[in-house]
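# Structural characterization, general
Read off the chains here:
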Amino acid sequence: MKKKKSITGIILVLLLCLMGFRGSALAAPLSELLPGAGAAGAVFGERDLSRLIAEARQKQEHKPAVQESAVQEEAASGEEVPAVEEPPQEETAAPSAEATKTEETAQEAAPVQESAPQPAKASGGGRIVCIDAGHQLRQNSAKEPNGPGSSEMKMKVTSGTRGVSSGVPEYQLTLDVALRLQSVLSGRGYTVVMCRTTNEVDISNAERATVANNAGAGAFIRIHADGASSASASGASTLAPSDSNPYCAGIAPQSQALARCVINGLCARTGAKNRGVTITDTMTGLNWSQVPVTIVEMGFMTNPAEDMAMQDPAYQQKLAEGMADGIDAFFGS
Ligand SMILES: [Zn+2]
């Protein structure tokens, strides 16, 4: 700053000397430089000189201001740069890092915190459970063999029943509970494979069993709800193949054990009437299964009270947790 000022001062002094004593000499160049500077070089030269001096003073006066404004701009840009780039980076970086840490700690802490009060939470141990929410938006009346190599043909997917009071179709209820069971089992450390997660699918019963087979599931849970001609019919049950099933006798004992565990777990949680295990070899989805399988009939949608209970989110959660308890018991046995 001081050097610039002194240099500017020296230049001014030189200009004054030049213009003062040899103004006419500068008249020509000035007239070229400054529009309006005419032939009367001395006169215009003096005017031009005073203008130059005035401009030089203004420049000197404004320099700090310009510099300040430049500094301000720099400061502003400096603030903007950190504000726009660096701090946001830090902010985004720091929070994301913190978030990651939080997630990590949450993930790390979760098993510890949850395993303390509920040791069963880690019960899954990565075991694979396949969940099939029974039915779908539209039935598929095309037919498929009732079992591998069977000549008996059955509908690929039936329409299912419907809530007598709620009006909710079975396929929606089964999906709602299936998704809850998925969440519960995942939380307990199971690897969950879903046959479907939306209603807009077209997957036959045999194909659903194939999903479980291909997944190498340790348990295949097929979620359904019952219907009956009598509105008073109530309670929950599970289904499993017989020891003499022509297609899947090999998995019958394990499937029956799974069915027992699941119905007991479900009824213990919900307080539903326990109708026990039904042994059947007529179900396509059981006959095609190569892994332990059970159908869960959660309750009667034709019973007004049970229908409405099964639409209660809290009850649905109990159904899911009860089934998960049964799955825990099955693998623990
Ligand atoms: Zn059903």
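Notes on the structure follow. (Residues numbered from 1 in each chain as written. Predicted model: local features only at pLDDT ≥ 70, side-chain atom pairs only at ≥ 80, totals over all residues.)

### Section: the overall build of the chain
Secondary structure summary: the chain contains 8 helices and 8 strands in total. When the 333 residues of the chain are sorted by exposure, 36% land in the buried category. Taking all contacts inside the chain whose residues are at least 6 apart in sequence as the whole, residues at least 24 apart take part in 75%. (Helix = DSSP H or I, 4+ residues; strand = E, 2+ residues; numbered from the N terminus. Buried ≥ 20, exposed ≤ 12 C-beta atoms within 10 Å, placed from the backbone. Contact = placed C-beta atoms within 7 Å.)

### Focus on the sheet that holds strand β1 (residues 128-133)
Strand order in the open sheet made by the 6 strands is β4-β1-β5-β8-β6-β7, with mixed pairing throughout. Only two strands of the sheet have a single neighbouring strand rather than two, namely β4 (191-194) and β7 (274-279). Each adjacent strand pair in this sheet contributes to an overall mean axis angle of 25 degrees, direction not counted. As paired strands, β1 and strand β5 (residues 219-226) are joined by 5 bridges and run parallel to one another. By the bridge assignment, Val 129 is partnered in β5 with Ala 219. Across the sheet, helix α3 (residues 170-187) touches β1, β4, β5 and β8 (293-300), and the angle it forms with β5 is around 145 degrees. (Pairing = 2+ DSSP bridges. Axes fitted to C-alpha atoms, helices over the stretch in contact; angles between N-to-C directions.)

### Comments concerning α3
Note that an α-helix has 3.6 residues per turn; residues three or four places apart therefore point the same way. The end-to-end C-alpha distance of α3 is 26 Å, a good match for the 26 Å that 18 residues give at a rise of 1.5 Å each. All of the buried residues along α3 are Glu 170, Tyr 171, Leu 173, Thr 174, Leu 175, Val 177, Ala 178, Arg 180, Leu 181, Gln 182, Val 184 and Leu 185. Looking at the buried side of α3, the elements it contacts are β1, β4, β5, β8 and α8 (313-332). Residue Gly 189 follows α3 closely and has a positive phi angle near 95 degrees. (Expected span 1.5 Å × (residues − 1).)

### A word on the nonpolar core
Ranked by internal contacts, the top residues of the largest apolar core, which has 57 residues, are Val 129, Ile 131, Leu 181, Ile 221, Val 262 and Met 323. At the level of secondary structure, the elements contributing two or more residues to this core comprise β1, α3, α4 (205-215), β5, β6 (236-240), α5 (252-270), β8 and α8. The dominant element in this core, judged by the number of residues it contributes, is α3, at 8 residues. In contact with Met 323, other than residues within four places in its own chain, are Leu 181, Ile 221, Val 262, Gly 265, Leu 266 and Val 296. (Core = buried A, V, L, I, M, F, W, Y, C linked by C-beta atoms within 7 Å.)

### Quick notes on the pairing of β1
Counting buried residues in β1 gives 5 out of 6 residues, a clear majority hidden from the surface. Judged from the 4 bridges that link them, β1 and β4 form a sheet pairing that is parallel. Its bridge partner lying in β4, Val 129 is registered against Val 192.

### Details of α8
Spanning 20 residues, α8 covers 28 Å between terminal C-alpha atoms, matching the ideal 28 Å at 1.5 Å per step. The buried fraction of α8 amounts to 14 of the 20 residues, a majority that puts the element mostly inside the structure.

### Regarding the packing of α5 against α8
Running from N to C, α5 and α8 point in directions that differ by 140 degrees, and their axes come no closer than 7 Å. Relative to α8, the element α5 is oriented oblique. Viewed along their axes, α5 and α8 form a crossing whose handedness is right-handed. Residues Ala 257, Leu 258, Cys 261, Val 262, Ile 263, Asn 264, Gly 265, Leu 266, Ala 268, Arg 269 and Thr 270 of α5 form the contact with α8, whose participating residues are Tyr 315, Lys 318, Leu 319, Glu 321, Gly 322, Met 323, Asp 325, Gly 326, Ile 327, Ala 329 and Phe 330. Considered class by class, the residues forming the contact of α5 with α8 number 13 nonpolar, 5 polar and 4 charged. (Parallel < 35°, antiparallel > 145°, perpendicular 65-115°, else oblique. Left-handed = near helix turned anticlockwise from the far one by under 90°. Nonpolar A, V, L, I, M, F, W, Y, C, P; charged D, E, K, R; others polar.)

### Focus: unusual backbone geometry
Backbone geometry at His 135 places phi at a positive 70 degrees, although glycine is not the residue there. Within the secondary structure, His 135 sits in the loop between β1 and β2 (140-145). For His 135, a count of 26 C-beta atoms within 10 Å gives the class buried.

### A word on the environment of Ala 231
Assignment of secondary structure puts Ala 231 in the loop between β5 and β6. The class of Ala 231 is partly exposed, set by 15 C-beta atoms lying within 10 Å. As a C-alpha pair, Ala 231 and Phe 300 span 69 residues in sequence and 8.3 Å in three-dimensional space. Setting aside anything within four residues of it in sequence, one finds Ala 231 in contact with Val 164, Thr 302, Asn 303 and Pro 304.

### Observations regarding the packing of α3 against α8
Working note: a packed helix pair is described by the angle between its axes plus the distance between those axes. Relative to each other, α3 and α8 sit at 50 degrees, their axes nearing to 8 Å. Here α3 lies oblique to α8, going by the angle between them. Of the two possible hands of crossing, α3 and α8 adopt the one that is right-handed. Here α3 contributes Asp 176, Val 177, Arg 180, Leu 181, Val 184 and Leu 185 to the contact with α8, which in turn contributes Gln 316, Gln 317, Leu 319, Ala 320, Glu 321, Met 323, Ala 324 and Ile 327. For the contact of α3 with α8, the per-class residue count stands at 9 nonpolar, 2 polar and 3 charged.

### Considerations on the environment of Ala 206
Its place among the elements puts Ala 206 in helix α4. For the pair Ala 206 and Ser 289, spaced 83 residues apart in sequence, the C-alpha separation works out to 8.0 Å. Residues in contact with Ala 206, not counting those within four places in the same chain, are Glu 144, Thr 284 and Trp 288.

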